[in-house]
Amino acid sequence: MKLPDHITSPTPLFDMWHAWAKDCAPRYNAELTMLSAICTFGCIMGRRYEGPTGLRANTYAMVLALTGAGKDVVKRMGQTLMRSVNRDDCIGASKWGSDSGMIMEISRSKEIIWFADEFSSYLHMWRNPQCSGYMNNIKIM
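Bear in mind that the values here come from a model prediction, so they are computed numbers and not experimental data. (Residues numbered from 1 in each chain as written. Predicted model: local features only at pLDDT ≥ 70, side-chain atom pairs only at ≥ 80, totals over all residues. Heavy atoms only, no water.)

Asker: Would you mind going over helix α2 (residues 12–24) with me for this structure?
Answerer: Because an α-helix packs 3.6 residues into every turn, residues spaced three or four apart end up facing the same way. The end-to-end C-alpha distance of α2 is 19 Å, a good match for the 18 Å that 13 residues give at a rise of 1.5 Å each. When we look at burial in α2, the residues that qualify are F14, W17, H18 and A21. Along the long axis of α2, the arc covered by the buried residues comes to 100°, so they all point the same way. Facing away from the buried side of α2 by more than 90 degrees, the exposed set consists of P12, M16 and D23. For α2, the secondary structure elements touched by its buried residues are α1 (5–8), α3 (30–45) and α4 (71–84). (Helix = DSSP H or I, 4+ residues; strand = E, 2+ residues; numbered from the N terminus. Expected span 1.5 Å × (residues − 1). Buried < 20%, exposed > 50% of the residue type's maximum accessible area, 1.4 Å probe, protein only. Arc of directions from axis to C-beta. Contact = heavy atoms within 4.5 Å.)

Asker: Please clarify how the packing of α2 against α4 should be interpreted in this entry.
Answerer: Two packed helices can be described by the angle between their axes and the distance between those axes. At their nearest, the axes of α2 and α4 sit 10 Å apart, and the two run at 125° to each other. What the angle tells us is that α2 and α4 run oblique. The hand of the α2/α4 crossing is right-handed. Residues W17, W20, A21 and C24 of α2 pack against V73, M77, G78, T80 and L81 of α4. When the residues that make up the contact of α2 with α4 are grouped by side-chain class, the tally is seven nonpolar, two polar and no charged. (Axes fitted to C-alpha atoms, helices over the stretch in contact; angles between N-to-C directions. Parallel < 35°, antiparallel > 145°, perpendicular 65-115°, else oblique. Left-handed = near helix turned anticlockwise from the far one by under 90°. Nonpolar A, V, L, I, M, F, W, Y, C, P; charged D, E, K, R; others polar.)

Asker: Please explain the packing of aromatic side chains as it appears in this structure.
Answerer: By convention here, two paired aromatic rings are described through the distance between centres and the angle between planes. Across all of its chains, the model carries six aromatic pairs by this definition. Measuring from ring centre to ring centre gives 5.4 Å for F14 and F41, while their planes differ by 85°; the resulting arrangement is edge-to-face. Taken as a pair, F14 in helix α2 and F41 in helix α3 lie far apart in primary sequence, 27 residues in all. Comparing F14 with F41, the two get one shared label, buried. Seen in terms of ring centroids, W17 and F41 are 5.2 Å apart; in terms of plane orientation they differ by 75°. Their pairing is edge-to-face. (Phe/Tyr/Trp six-rings, centres within 6.5 Å; stacked < 30°, edge-to-face > 60°.)

This is the structure in structure tokens:
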């Protein structure tokens, strides 16, 4: 089911992001493009916005898409935008090796975006009873 345009592109900024994706993606996907925009824009804006209870938002987005669905293009778009606005320090690792590595990245920058791929390998690893402690701790971070 395709979401309507007013949901995937609610503002002119999102319109520009979609136009960019259409220009570079061999397979344009409006929903995937919208999610990459939300995460990237949210990281750039930072954690300065808070609700009435003082809680600050953390954006988590996970996309399940087949090989060749266009995940790499929107991932590269996010990385390119972050670099072009001098927020390279907010780009996290694309793969996680341990919980201490994640903690180190978070301590470097309050805003961080991880463009991780192949998340299913982590899910399989965490279900394995022999999963190492340092990898298992990633899921509770």
